[in-house]
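# Tertiary structure, described
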Amino acid sequence: MIASYMATAQPVYYFGWQGGEPTLMGLEFFLKVTELQKKYGRRGVAVSNGLQTNATLIDDEMAAHFSKYRFLVGVSIDGPGEIHDRYRVHSAGRGSHADVLRGIDCLKRHNVEFNALVLVSSANVTRAKELYHYLRDLGIYYHQYIPCVEFDNNGQPLIFTISAKQWGDFLCDIFDEWIKWDTRRVSIRWFDSIISYLVEGRFTVCQMEQNCCQYFLIEYNGDIYPCDFFVRPELKVGNIWDASWPELLQSQIYSDFGAQKAQWHKECDNCEDLPYCSGDCLKHRLFHGTKHPRQLSWLCHGYKRFFQRALPGLRNLADTIKKERFEARMQGGRLDSSSKIGRNEPCPCGSGSKYKKCCGRLTH
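Residues numbered from 1 in each chain as written. Predicted model: local features only at pLDDT ≥ 70, side-chain atom pairs only at ≥ 80, totals over all residues. Heavy atoms only, no water.

What follows concerns the overall build of the protein chain. Within the protein chain one finds 15 helices and nine strands. Relative to the 2.2 N^0.38 estimate, which gives 21 Å for 364 residues, the radius of gyration of the protein chain is 22 Å and therefore close to what a compact globule would have. Dimensions along the principal axes, computed over C-alpha positions, put the protein chain at roughly 65 × 50 × 45 Å. Burial analysis of the protein chain (364 residues in total) assigns 47% to the buried set. Long-range pairs, those at least 24 residues apart, make up 61% of the contacts in the protein chain between residues at least 6 apart in sequence. For the protein chain, the centre of its 45 positive side-chain charges and the centre of its 41 negative side-chain charges are spaced 6 Å apart. (Helix = DSSP H or I, 4+ residues; strand = E, 2+ residues; numbered from the N terminus. Rg over C-alpha atoms; globule rule 2.2 N^0.38 Å. Buried < 20%, exposed > 50% of the residue type's maximum accessible area, 1.4 Å probe, protein only. Contact = heavy atoms within 4.5 Å. Lys, Arg positive; Asp, Glu negative; His and termini not counted. Charge placed at Lys NZ, Arg CZ, Asp CG, Glu CD.)

A cis amide bond links G19 to the next residue, G20, at an omega of 5°. You can see G20 is positioned in the loop between β1 (12-17) and α2 (26-40). Located in the positive-phi region is A55, a residue other than glycine, with phi close to 70°. Checked against the element boundaries, A55 lands in the loop between β2 (46-53) and α3 (60-68). On the basis of relative accessibility, which here comes to 0%, the residue A55 falls in the buried class.

Of all seven residues in strand β4 (residues 114-120), six are buried; the element is thus mostly enclosed. Alignment of strand β3 (residues 72-76) against β4, held across four bridges, turns out to be parallel. Bridging from a neighbouring strand, G74 pairs with N115 of β4. The sheet contact formed by β4 and strand β5 (residues 142-147) spans five bridges and is parallel. Directly across from L119, in β5, lies its bridge partner I146. (Pairing = 2+ DSSP bridges.)

Between its first and last C-alpha, helix α5 (residues 97-109) extends 19 Å over 13 residues, near the 18 Å set by a 1.5 Å rise per residue. Three or more residues of α5 are buried, namely H97, D99, V100, G103, I104, C106 and L107. Tucked inside the fold, the buried residues of α5 contact α3, β3, α4 (81-87), β4 and α6 (128-137). N111 sits one or two positions beyond α5 and adopts a positive phi of about 55°. (Expected span 1.5 Å × (residues − 1).)

Before going further, it helps to spend a moment on the pattern of salt bridges. Enumeration according to the criterion identifies 18 salt bridges in this entry. Between E150 and K283 there is a salt bridge; the shortest N-O distance is 3.3 Å. Remark: K283 occurs in helix α13 (residues 283-286) and E150 occurs in the loop between β5 and α7 (164-181); sequence separation between them is 133 residues. By relative accessible area, E150 is classed as partly exposed at 31%. Judged by relative accessible area, K283 falls into the buried class, the value being 4%. A salt bridge links R325 to E200; the shortest N-O distance between them is 3.0 Å. Separated by 125 residues along the polypeptide, R325 in helix α14 (residues 300-331) and E200 in helix α8 (residues 189-200) bring together distant segments of the chain. Among the charged side chains, a network of salt bridges with common partners joins E82, R127 and E130. (Salt bridge = Lys/Arg side-chain N within 4 Å of Asp/Glu carboxyl O.)

A few words on α7. Compared with the 26 Å implied by 1.5 Å per residue over 18 residues, the 27 Å span of α7 between its first and last C-alpha is a close match. Turning to α7, its buried residues number three or more, namely A164, W167, G168, F170, L171, C172, I174, F175, E177 and W178. In this fold, the buried residues of α7 make contact with β4, α6, β5, β6 (187-188), α8 and α14.

Another point: the side chain of S187. Within the secondary structure layout, S187 lies in strand β6. Among the polar contacts listed, one links the side chain of S187 to the side chain of D192, at a separation of 2.4 Å. Setting aside its immediate chain neighbours within four residues, S187 contacts Y141, Y142, H143 and D192. (Polar contact = N/O pair within 3.5 Å; in protein donor to acceptor, adjacent residues only side chain to side chain.)

Written out as structure tokens, the structure is:
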């Protein structure tokens, strides 16, 4: 896998190690990973490794390796012990919260970059502010909040699944705490992705894209699928042993799967929030009810509530960032006060927008 992927032309080679629990493979596995990346990489190329873990098995030796090769680690932690241990338990029933904190301490000692991934379930969805302050008080300033939306074979929500209203309330509560003091201190991935779109016109999370051809998931046996939520026999794209990357990219299964993203509900066509969600993740549209891509997302109305509350503040913050970038370029000598920028020229702040629709709007 590593040899063939690194033989392709990429600006950066991205590897995301997930499971299950990837640290069960042990340090030896990750030593081999970086050894192979060095063997098959070319001088000057960049390699990015991400790891999603419950952190219970991370020790100093493993953390030192992650630090040396600049792994970005996502740690699953759902809140204080009483919340986290409701669902995240060892096989014998013992809660894992204390082990997670021990793993986090290892990462901190070795200066490993990490973020907290909070699964927002029925255990913690009503305690948003408490969760936010708990992570911040632990010195964790990079947060991802992931909605827990799971269904049984009949399309009925499982007991830990949250409702759209609960998700909207949760996001609003997090936003209200963050916008007061922490916009320059705490990074919340969902908020960052919206700001990135407002400032630079680009998406940083796949659910905002209009096509789901974003990456490949490779199973332990080499089987390849279009998404980690859709590891199903009918969606197998190929196997790493007998398919080339160009063939995989051109697969009809892959392209058909990706195209479903833009086949959203008719209500989405006239929704002012569509640019920020593109109908939401297919997982939230296909796993319940009619199980059709044109079905509204399970979380649709929660997102609407959030956008209504948060977009004005996020737009103001985006305008501030654009203005700061513009002024920084002025002070850095790239522009001077006599520079005349055409209204239809690209904005010097680097947003990719026309000047009249970006900093020209803010500075006049």
